[in-house]
Structures are given as C-alpha cells and as structure tokens.
Amino acid sequence: MQVEQNKVVSFHYTLTLDSGEVADTSRGREPLNFLVGSGQIIPGLETELLGLGAGDKKIVKVQPEDAYGVQDSRLVQTIDRSQIPDSVDLQMGEMLRGQSEDGSIVEGKVVALDDQTVQIDFNHPLADQVLTFDVEIVDVRDASPEELAHGHVH
Ligand code: ZN
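Since this is a predicted model, take the numbers as computed values, not measurements.

Draft legend 1. Spotlight on the coordination of the zinc ion. The protein atoms that coordinate the zinc ion are H150 (ND1), H152 (NE2) and H154 (NE2), at distances of 1.9 to 2.3 Å. Sequence spacing among the residues donating to the zinc ion works out to H-x1-H-x1-H.

Now the structure itself:
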C-alpha cells in the first residue's frame, strides 16, 4: 500500500537543521501518525512522502516557504516594559506567551531588552530554516470512515 490521499501513515523521522543540529526525532519513541491530506504535517514534507510504502526510506529537504516560512520583520515587535507583568523575570532568549489581537495564543522570543522596552520576535523558531528530514515509513493503512470524517488519526 502506498502513501496517498486518505491513508494513515506511520513514520519515523529525524529533523536536522542547516547547522547540522538535530531539532527533533521520533527515534526512541512511537512513530508519528498522520492522515494524508489533513494538513497535519508540513506540506513540503507530505508531498515528498506520496508513493512511498512501508519500509521505504527517504531524505527530504524542505525549503522555508514549504515549511515554517521566512522571517517577517513585522513580527518583531518592540513593546513597553510596563506592559509585561512584574512577575515575569525578563531574560534574553526567553520565550513569552501572549495573546494576539484576534485572541489566539502567540509565542515569542525576547531578542533585545533595555530599561524601557523589550523586543520580541514572534516568528516561528524554525522560520528561514531549510529542514532536512530523514524519514522511514513504518506503516500505511486505509483511514477509517470516522477518521476521514474527523480529519485526524484515531
Ligand atoms: Zn476524532
């Protein structure tokens, strides 16, 4: 059985960044499961897995545009320190959680800091990165009707 639309795929992966740093791996844990076409994994990776079968291995390079995007300078914001609660001990590199105007939770990294202001980078930590996935397909099966209806793996 091949990886195609409406299949449930289990695979192992190791994600390496340009620097050679391993950012994430499923090795040593359960393989990752996803429903093809549900938008659960980044599109640039999913496309490259189509047509593979159980036991197949592949090295997939994904450009930032097909992964977590390119750095957007508008997402680096300078805010007044008074807007941050006193209980937060601000440090360079610290991840802060906040709420965007539409109410969703956003996470940003403190990239600059002085007595009055804090600069926070809300870009995805993997923005601008070319991602290299070392992939091994473990299993491919048909999705159940319930899984198709829900758009995720059970
Ligand atoms: Zn469900």
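Draft legend 2. Looking closely at the pattern of salt bridges. Evaluated as defined, the whole model comprises eight salt bridges. Measuring nitrogen to oxygen at the nearest pair gives 3.8 Å for the salt bridge that ties K7 to E4. Assessed through its relative accessible area of 10%, K7 is described here as buried. According to the relative accessible area criterion, E4 is partly exposed, its value standing at 39%. With a shortest N-O distance of 2.9 Å, D72 and R74 are connected by a salt bridge. Looking at D72, the relative accessible area reads 21%, which means it is partly exposed. In the salt-bridge network here, residues are joined through shared partners; they are E4, K7 and D142.

Draft legend 3. A look at the domain arrangement of the protein chain. Taken domain by domain, the protein chain consists of domain 1 (7-68 + 127-150) and domain 2 (73-121). Here domain 1 and domain 2 have C-alpha centroids that lie 32 Å from each other.

Draft legend 4. Fine view of the nonpolar core. Counting 22 residues, the largest nonpolar core has V3, F11, L45, L49, F133, V135 and I137 as its most contacted members. Listing elements by their share of this core, those giving two or more residues are β1 (7-16), α1 (43-49), β4 (57-62) and β9 (131-142). A total of five residues in this core trace back to one element, the largest contributor, which is β9. Judged by nonpolar contacts, the second largest core, of six residues, contains I84, L90, L96 and I120.

Thresholds, definitions, all that
Residues numbered from 1 in each chain as written. Predicted model: local features only at pLDDT ≥ 70, side-chain atom pairs only at ≥ 80, totals over all residues. Heavy atoms only, no water. Donors = N, O, S within 2.8 Å, 3.2 Å for Na, K, Ca; no water. Salt bridge = Lys/Arg side-chain N within 4 Å of Asp/Glu carboxyl O. Buried < 20%, exposed > 50% of the residue type's maximum accessible area, 1.4 Å probe, protein only. Domains from an automatic or database assignment. Core = buried A, V, L, I, M, F, W, Y, C linked by side-chain atoms within 4.5 Å. Helix = DSSP H or I, 4+ residues; strand = E, 2+ residues; numbered from the N terminus.

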